[in-house]
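Fold and contact review
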Amino acid sequence: MSFLKSDTWFDLLKHLLVIVGVSFLLLFLFFFVYLPVTTNHGETIAVPKVTGMQMADLDNYLDDRDLAYFVDDSTYRPDIRPGTVLTQDPKPGEKVKEGRKIYIQVAMKNPPVIKMPKLTEGSQKNAQMILSSYGLAVGTLTFVPDLRQNAVLKQMVNGKEIEPGAPIAKGTRVDLVVGDGLGNQEFPVPNVVGMPADEAATLLAGQGLVPGETFYQEPEEGQQEGTVVKQRPEATPNATIRSGQLVDLWVAGKEPIKAVQ
């Protein structure tokens, strides 16, 4: 009976060793044979460059490389052929696994329609910034006589005014009518020679003129200090001037010392 009992323990140990061996073999086959085959473990593909290609050509091109694509966004670009790939992610040359999707942005065929922004009553520079942010193009700038220098007076499309809020396609060129800072009313040049400098400046401002440079000089005989002795342009009989223009003054005496604040 003892010999029979010894055989039983030996068989049990043998069976345990077989089970352990088979388990290790199965684990080895799973991790080092099955997974690499099914997941292409350690195998990667270099992402090709697809920007600049037509979306219609991507299916066959990427299928041949075991890759796919997904249109993540679309943008209207009037200077680019519709359907052209603009951007891609991952970038060209990056290593990915087979079957990886490449996210692309493509050029739209038709521009989206938006609401026309309000440009009038603002500056020309501000209007250009707004147009750019809305995806609209700056067209022709036309300067007209107006005291509101660089102010947008009209917003035009194809020669017609367009109201804020009106539908407009992205990429449309918007023309601007801008004030040049000068009025369109011409009148005789006022004569301020012989007037006190402060009164002369007040008179010029009241007529829509802008004091230019003020030059001080030694008074000549008969000239009172602080009075205007010369002006430019001169007040000749046929001389005219427009609102917003500059008038330079020559004043007798020394320049006043400004108080230090």
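This text goes with the structure placed above it.
Before going into details, it helps to say that this report is about the structure given with it. Fair warning: this is a prediction, and the values are worked out from it, not measured in the lab.

1. A short note on the packing of aromatic side chains
Taken as a whole and judged by the stated rule, the model has two aromatic pairs. Pairing Phe-70 with Tyr-103 gives two aromatic rings, centres 5.7 Å apart and planes at 70°, and the pair type is edge-to-face. With a gap of 33 residues between them, Phe-70 in strand S2 (residues 68-75) and Tyr-103 in strand S5 (residues 101-107) connect regions that are remote in the sequence. By relative accessible area, which is 39% here, Phe-70 ends up partly exposed.

2. Brief notes about the sheet that holds strand S3 (residues 85-89)
Spatially, S2-S5-S3 is the arrangement adopted by the three strands of the open sheet, whose pairing is mixed. The open sheet terminates on both sides in strands that have one partner only, identified here as S2 and S3. Taken over all neighbouring pairs, the strand axes of this sheet differ in orientation by 25° on average, direction set aside. Here S2 runs beside S5; their pairing, made up of seven bridges, is parallel. Residue Ala-68 lies in a different strand from S5, and its bridge partner there is Lys-101.

3. Things to note about a nonpolar patch on the surface
A grouping of Val-18, Val-22, Leu-25, Leu-26, Phe-28 and Leu-29 is seen on the molecular surface, where their side chains present a nonpolar patch of about 550 Å² in accessible area. Secondary-structure assignment places Leu-26 in helix H1 (residues 2-39).

4. Digging into the environment of Pro-256
Looking at where Pro-256 falls in the secondary structure, it is placed in the segment after strand S16 (246-252). Note: C-alpha distance between Pro-256 and Gly-226 (30 residues apart in sequence) is 9.3 Å.

5. Topic: the pairing of S16
Here S16 lies mainly inside the structure; six of its seven residues are buried. With four bridges connecting them, strand S14 (residues 228-232) and S16 associate as antiparallel partners. Residue pairing across strands places Arg-232 opposite Asp-248, the latter belonging to S16.

The rules we used
Residues numbered from 1 in each chain as written. Predicted model: local features only at pLDDT ≥ 70, side-chain atom pairs only at ≥ 80, totals over all residues. Heavy atoms only, no water. Phe/Tyr/Trp six-rings, centres within 6.5 Å; stacked < 30°, edge-to-face > 60°. Helix = DSSP H or I, 4+ residues; strand = E, 2+ residues; numbered from the N terminus. Buried < 20%, exposed > 50% of the residue type's maximum accessible area, 1.4 Å probe, protein only. Pairing = 2+ DSSP bridges. Axes fitted to C-alpha atoms, helices over the stretch in contact; angles between N-to-C directions. Patch = residues over 30% accessible without salt bridge, like charges linked within 9 Å, V, L, I, M, F, W, Y side chains within 5 Å. Areas by Shrake-Rupley, 256 points an atom, 1.4 Å probe, with all protein chains shown as cover. Salt bridge = Lys/Arg side-chain N within 4 Å of Asp/Glu carboxyl O.

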